[in-house]
Amino acid sequence: MTLSTHHWIVGPGALGRLIGLRLATSGSLVTLAGRRPLPERQTLITPEGTRLDATLFTTTLANLAGTPDVVHLTTKAYGAEGAHAALAPRLPAGTPLVLWQNGFGCQPRLTARHDGPVLCATTTEGAFVEGDDRVVHAGHGETLIGDLSPSSNAAHGELARTLASALTQAGLPARTVDDIRRRLWQKLAVNAAINPLVARFRILNGDLRAPRYRPLVESLIAEVAAILAAEGIDPPEGQGAPGWQALVWRVIEGTAGNRASMLQDVLAARPTEHEAILGPLLDAADAHGLQAPGLAELAAWLRQRELAGI
Ligand code: KPL
């Protein structure tokens, strides 16, 4: 298989369109599928301000036809399993699937369910959409790709390397890792400490540095750190609990001007990814007999808002 052939991107939000346009402008064939068809002519604005135009096949999930070399599922976490259920009957057995979701919920379930190799990707690329035909690549990042059960099949490792190199050539630096589960939890930890709070108070990430919010962030990080220690998941630096504080504050600093994805969802009256981000932490807290009152309170607020019709 050569990944320069045909990529299906299911979920044409900012990340899906960023991946699709980057791959298309580097010569890959890309089909972009969502609930409604988007214009075939799409524009990407790079972080350096360059305009890249590309033509993609755009269609709806219901009308997808043909044989992809790889399917990228780029829906929000809460939409991933529904999209996969709609898609799976139309995919030839053995079609590789790449999961780009935040949190840690659908990844193990879809890894078990999908009839073919499954890779998980986590990225720090920043992007937002500007209308139906334009996506802005706001900031460069890095993408990590791996298999949740790396020992299961050497061919998955080859697939991950091929994909990482296709993405890197397309301008999205990517590399394979053999501990993707830990990497997904690390991103989840950062998202759990930042996203619900900024969504609740409708503030930019950098506002969390203010004296009013700092203690709240610190106590959320402490809850997250205790849960992850019980789960045996280390922060990237391997420094134990202080490493989580350093990591989260570094991300807050680096994304100070960002409107976090969960805040964008709240402002647009959409559901949020709270189940995928806070759900696994609260389940793990329960399993280890740990209290996580701050995380629980934010999860209850986010759940309530959805029950109340947003
Ligand atoms: O990943 C993010 C998000 O918005 O979901 C952070 C790291 C919080 C940056 O805004």
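Cut-offs used in this document
Residues numbered from 1 in each chain as written. Predicted model: local features only at pLDDT ≥ 70, side-chain atom pairs only at ≥ 80, totals over all residues. Pairing = 2+ DSSP bridges. Helix = DSSP H or I, 4+ residues; strand = E, 2+ residues; numbered from the N terminus. Axes fitted to C-alpha atoms, helices over the stretch in contact; angles between N-to-C directions. Parallel < 35°, antiparallel > 145°, perpendicular 65-115°, else oblique. Left-handed = near helix turned anticlockwise from the far one by under 90°. Contact = placed C-beta atoms within 7 Å. Nonpolar A, V, L, I, M, F, W, Y, C, P; charged D, E, K, R; others polar. Buried ≥ 20, exposed ≤ 12 C-beta atoms within 10 Å, placed from the backbone. Near = placed C-beta within 6 Å. Core = buried A, V, L, I, M, F, W, Y, C linked by C-beta atoms within 7 Å.

S.K.: So what exactly am I meant to see when it comes to the sheet that holds strand S2 (residues 29-34) here?
M.R.: Whether parallel or antiparallel, the strands of a sheet pair through hydrogen bonds between backbone atoms. Strand order in this open sheet of 8 strands is S5-S2-S1-S6-S7-S8-S11-S12, and the pairing throughout is mixed. Of all the strands in the sheet, just strand S5 (57-60) and strand S12 (174-176) have a single pairing partner and so form its edges. The sheet shows a mean angle of 25 degrees between the axes of neighbouring strands, direction not considered. Of the strand pairs in this sheet, strand S1 (residues 6-10) and S2 are connected by 5 bridges, and their pairing is parallel.

S.K.: Is there a simple way to explain the pairing of strand S10 (residues 134-139) in this structure?
M.R.: Within a regular strand, the side chains alternate between the two sheet faces. Strand direction decides the pairing type here: strand S3 (residues 41-45) and S10, joined by 3 bridges, are parallel. Among the inter-strand pairings, Leu44 is bridged to a residue of S10, identified as Val135. Alignment of strand S9 (residues 126-129) against S10, held across 4 bridges, turns out to be antiparallel. Each bridged residue has a counterpart across the sheet, and for Gly126 the counterpart in S10 is Gly139. If you look at the hairpin formed by S9 and S10, you'll find 4 residues sitting between the two strands, and Gly131 has a positive phi there, around 80 degrees.

S.K.: What should I look at first to understand the packing of helix H5 (residues 180-201) against helix H10 (residues 293-307) in this one?
M.R.: It is the contact of H5 with H10, at a shortest axis distance of 10 Å, that shows an interaxial angle of 50 degrees. In terms of their interaxial angle, H5 and H10 are classed as oblique. Crossing of H5 over H10 shows left-handed handedness. Of the residues in H10, those in contact with Ala192, Pro196, Leu197 and Arg200 of H5 are Leu295, Leu298, Trp301 and Leu302. By residue class, the composition of the contact of H5 with H10 is 7 nonpolar, no polar and 1 charged.

S.K.: So what exactly am I meant to see when it comes to the pairing of S3 here?
M.R.: Residues Gln42 and Leu44 point to one face of S3 and are all buried, whereas Arg41, Thr43 and Ile45, pointing to the other face, are not buried. Hairpin connection, S3 to strand S4 (residues 51-55): the antiparallel pair is bridged by 5 residues, and Gly49 has positive phi, about 90 degrees.

S.K.: Explain the site of the ligand to me, please; I cannot follow it from the model alone.
M.R.: What surrounds the ligand is the set Val190, Asn191, Ile194, Asn195, Asn205, Val251, Thr255, Asn258, Ala260 and Ser261. For the shell around the ligand, the element with the highest residue contribution is H5, accounting for 4 residues. The class makeup of the residues in the shell around the ligand is 4 nonpolar, 6 polar and no charged.

S.K.: Looking at this model, I keep getting lost on the sheet that holds S3. Mind explaining?
M.R.: Read from one edge to the other, the open sheet built from 4 strands follows the order S4-S3-S10-S9, with strand pairing classed as mixed. Either end of the sheet is taken by a strand with one partner, and the two such strands are S4 and S9. The average undirected angle you get between the axes of adjacent strands in this sheet is 25 degrees.

S.K.: What's the story with the environment of Gly27 in this structure? I'm lost.
M.R.: Following the sequence through the fold, Gly27 ends up in the loop between helix H1 (14-25) and S2. The exposure class assigned to Gly27 is exposed, which follows from the 10 C-beta atoms found within 10 Å. Each C-alpha atom of the pair Gly27 and Ala54 lies 9.7 Å from the other, and the pair is 27 residues apart in sequence.

S.K.: What is the right way to look at unusual backbone geometry in this model?
M.R.: Leave glycine aside and you will find that most residues have negative phi; peptide bonds, for their part, are mostly trans. The phi dihedral of Arg202 is positive, around 55 degrees, even though this residue is not glycine. The residue Arg202 is located in the loop between H5 and helix H6 (214-231) in this model.

S.K.: For this particular structure, what's the right way to read the nonpolar core?
M.R.: A general feature of soluble globular proteins is that nonpolar side chains tend to end up buried together. Membership of the largest hydrophobic core comes to 86 residues, with the highest contact counts inside it found for Leu99, Leu163, Ala193 and Val224. By residue number, the principal contributor to this core is H5, which donates 12 residues.

None of this, on its own, says anything about what the molecule does.
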